[in-house]
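# Descriptive analysis of the structure
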Amino acid sequence: MSDTDVLIVGGGISGLASAWWLARRGLGVEVWECAPRAGGKIGTDNIAGYLNERAAALALNYRPEVAQLLTESGLDAYKATPLTGRRYLVHQNRLVPVPARLGEMVTSPLWSCGAKLRLLLEPFIPRGNREDETVSEFITRRLGREPLEKAMEPYVSGTLASDPDRTNAEAVLPRLTALERRYGSLAVGALLQRVRSRRRACPTESFSFAGGMSTLIDALARTPGLGLRLGRAVNALAPEGTDGWSVSGTSAQGAHVLKARHVVLSVPAGVAASLLQSLDPELARLLGGIEYSPVCVIHFGFDRSAVRHPLNGVGFLTAREPGQPLNGVLWISTLFPDRAPAGKVLLTCYLGGARAPHVVDWNGERVVSAALRGLRRLLGLSADPEMVQIDRHHQALPLYYGVYLGRTKRINARLERFPGLHLAANYIGGVSVRDRIAGGCEVADRILSVAGRLPPAPAGRPARTPAEISAMSRAAEMRLEH
Ligand SMILES: Cc1cc2nc3c(=O)[nH]c(=O)nc-3n(C[C@H](O)[C@H](O)[C@H](O)COP(=O)(O)OP(=O)(O)OC[C@H]3O[C@@H](n4cnc5c(N)ncnc54)[C@H](O)[C@@H]3O)c2cc1C
């Protein structure tokens, strides 16, 4: 006899989102989180009125599951939409707006005439067929070298902390690679989908929440029926015949054991590998082989008068440049004015990643002065910051290197030997908050299909069935926006 239907190990966004979908459908769910707070990487710190995001600062959504969770959890009422979408790229030592439309691209100083002409050839480039193709190879093959250096490389380094020369194209650009597979051309596919997207159910939007991303975490942690145990570290799990799993953990109160019909591991790949080592060394090897990149996040609060640049955008990304540790900067207080005290600005810098992994080990003084050097050059600073906070993530993001989908397929195949054991974390299916919420829905569907229960209808309107949700999701998946 089990103590609970599902035990989720790890209370980051992956674990909490899975818990929300399961609890909403009436299953008993516990989440064991080893830290004293929920949220994992995600967390908002209020430092003298500046709201600093330790990891995710905003979400970009086009998936109906995410919209559904926000509506049904009441989070819609707290949604905060960024005030601008304009982005900049560092080009020849200054900030140049990234063209958002085709017309802007023609006049943009970012692209040479040769690069613009090369784009016209894209529809005539034959399809590729290599599952190990990297982002650099895919983009260069289809669009040329400049789009890689001036768009995709900064995007992959700045938002995924990854190296496009090693990152698997199919794993991190699933919609672009699907366009090629389906239509033979990114341009033709994007055009056709733009026409069809007028009918789409879930428009693309970026958002955070009043009070920052912690509002999302707090709302999920308060899900009715969810048993969230903080400060409880799982150290072993073992199958209990055909009945489920026995999970052991420790906390300041002592040792704990719980029997659950299903266990969801929502912990980093290395932690999952050590929990599974004695059960299946090959599965542990596949998980343990996933590399992570380190990222250092520095938040600076300035008096508005100390920054010459108008800060009229989301922020900027940087192209690869030897010795340059800054990957990107978000102008948070432009996006969400309530994130800094009146008359102040909040700039959040991301350093390190796969481009410069050693930066995470620099001492505070060195990492701050490297970031300030970049800001002085590009934004024109006339005074020192009045608030500085550093967040170091030694294992910030998993790197989807090599034939990544082959690795995840092998992981899933081995998991089939262990009924009731599931993985829901950012090394499978995408690192973004959007993909983590959608991944939680998928794992809940899998558990429900085994448990043979249908989702109960929430008050006021019928619930979507798992099949309906995944059909909507597949439709959304085929759109081009990033
Ligand atoms: C610097 C940075 C910026 C980012 N920016 C964005 C962004 O703007 N937009 C976006 O969409 N995404 C962004 N991301 C990505 C996103 O924030 C992460 O991918 C996501 O938060 C990871 O969630 P997770 O639950 O999978 O993992 P984690 O957040 O790592 O959660 C895992 C949890 O497991 C717990 N745990 C570990 N071991 C045990 C154990 N033995 N027992 C119990 N619990 C355990 C940990 O304490 C942790 O709470 C960013 C990430 C970083 C690092």
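Structural data are supplied above this passage.
What counts and how
Residues numbered from 1 in each chain as written. Predicted model: local features only at pLDDT ≥ 70, side-chain atom pairs only at ≥ 80, totals over all residues. Heavy atoms only, no water. Axes fitted to C-alpha atoms, helices over the stretch in contact; angles between N-to-C directions. Helix = DSSP H or I, 4+ residues; strand = E, 2+ residues; numbered from the N terminus. Parallel < 35°, antiparallel > 145°, perpendicular 65-115°, else oblique. Left-handed = near helix turned anticlockwise from the far one by under 90°. Contact = heavy atoms within 4.5 Å. Nonpolar A, V, L, I, M, F, W, Y, C, P; charged D, E, K, R; others polar. Near = heavy atom within 4 Å. Polar contact = N/O pair within 3.5 Å; in protein donor to acceptor, adjacent residues only side chain to side chain. Areas by Shrake-Rupley, 256 points an atom, 1.4 Å probe, with all protein chains shown as cover. Core = buried A, V, L, I, M, F, W, Y, C linked by side-chain atoms within 4.5 Å. Buried < 20%, exposed > 50% of the residue type's maximum accessible area, 1.4 Å probe, protein only. Domains from an automatic or database assignment. Phe/Tyr/Trp six-rings, centres within 6.5 Å; stacked < 30°, edge-to-face > 60°. Lys NZ or Arg CZ within 6 Å of the ring centre and 35° of its normal. Pairing = 2+ DSSP bridges. Right-handed = clockwise from strand over helix to strand, strands pointing away.

Running from N to C, helix H12 (residues 281–288) and helix H15 (residues 404–415) point in directions that differ by 150 degrees, and their axes come no closer than 10 Å. Put simply, H12 runs roughly antiparallel to H15. H12 and H15 meet at a crossing whose hand is left-handed. Seen from H12, the contacting residues are Glu-282, Leu-283, Arg-285, Leu-286 and Leu-287; seen from H15, they are Arg-407, Arg-410, Ile-411, Arg-414 and Leu-415. Split by residue class, the contact of H12 with H15 holds 5 nonpolar, no polar and 5 charged.

The ligand sits among 33 residues. The nearest are Ser-14, Glu-33, Leu-58, Val-431 and Val-433. A distance of 2.6 Å separates an oxygen atom of the ligand from a polar side-chain atom of Ser-14. Between the ligand and Glu-33, the relevant distance is 2.6 Å, taken from an oxygen atom to a side-chain nitrogen or oxygen of the residue. The fraction of the free accessible surface of the ligand (1,000 Å²) that becomes covered by protein chains is 89%. Of all the secondary-structure elements, those providing two or more residues to the shell around the ligand are helix H1 (13–24), strand S2 (29–33), strand S11 (233–239), strand S14 (292–303), strand S18 (387–398) and helix H16 (433–451).

Counting 50 residues, the largest nonpolar core has Ile-139, Leu-265, Leu-287, Leu-421 and Tyr-427 as the members making the most contacts within it. In terms of residues, this core owes the most to one element, helix H11 (residues 269–276), which gives 5 residues. The residue makeup of this core includes at least three contributed by each of domain 1 (4–46 + 55–78 + 207–290 + 401–477) and domain 2 (112–193). The residues contacting Leu-421, other than those within four sequence positions of it, are Leu-237, Trp-245, Val-263, Leu-265, Leu-276 and Leu-415.

A few words on the packing of aromatic side chains. Using the criterion set out here, one finds 7 aromatic pairs in the structure. On the numbers, 6.3 Å between centres and 65 degrees between planes, the contact of Phe-316 with Trp-331 is edge-to-face. Of this pair, Phe-316 sits in strand S15 (residues 315–318) while Trp-331 sits in strand S16 (residues 326–331), and the two are 15 residues apart along the sequence. Taking the relative accessible area as the measure of exposure, Phe-316 reaches 2% and is therefore buried. Classification of Trp-331 by relative accessible area gives buried; the value is 0%. Cluster of aromatic residues (ring-pair linked, three or more members): Tyr-88, Phe-316 and Trp-331. Above the plane of the ring of Phe-207 lies Lys-79, whose end atom (NZ or CZ) is 5.3 Å from the centre. One cation-aromatic arrangement involves Arg-232 over Trp-32; the distance from NZ or CZ to the ring centre is 4.8 Å.

Attention now goes to the sheet that holds strand S7 (residues 87–91). Spatial ordering of the open sheet is given by S8-S7-S15-S16-S17-S14-S18, a layout of 7 strands whose pairing is mixed. Among the strands making up the open sheet, the edge pair consists of strand S8 (94–97) and S18. Going across the sheet, the axis of each strand differs from the next one's by a mean of 25 degrees, ignoring polarity. As defined by bridge partners, S14 adjoins strand S17 (residues 344–352) across 9 bridges and the pair is classed as antiparallel. Paired with Val-295 across the strands is Gly-352, a residue of S17. Running over the sheet, helix H14 (residues 364–379) touches S7, S8, S14, S15, S16, S17 and S18 and is turned about 60 degrees from S14.

The buried fraction of strand S1 (residues 4–9) amounts to 6 of the 6 residues, a majority that puts the element mostly inside the structure. Examined bridge by bridge, S1 and strand S13 (residues 254–265) share 5 bridges and lie parallel to one another. Residue pairing across strands places Leu-7 opposite Val-263, the latter belonging to S13. As defined by bridge partners, S1 adjoins S2 across 4 bridges and the pair is classed as parallel. Directly across from Leu-7, in S2, lies its bridge partner Glu-30. For the crossover that starts at S1, traverses H1 and ends in the parallel S2, the hand is right-handed.

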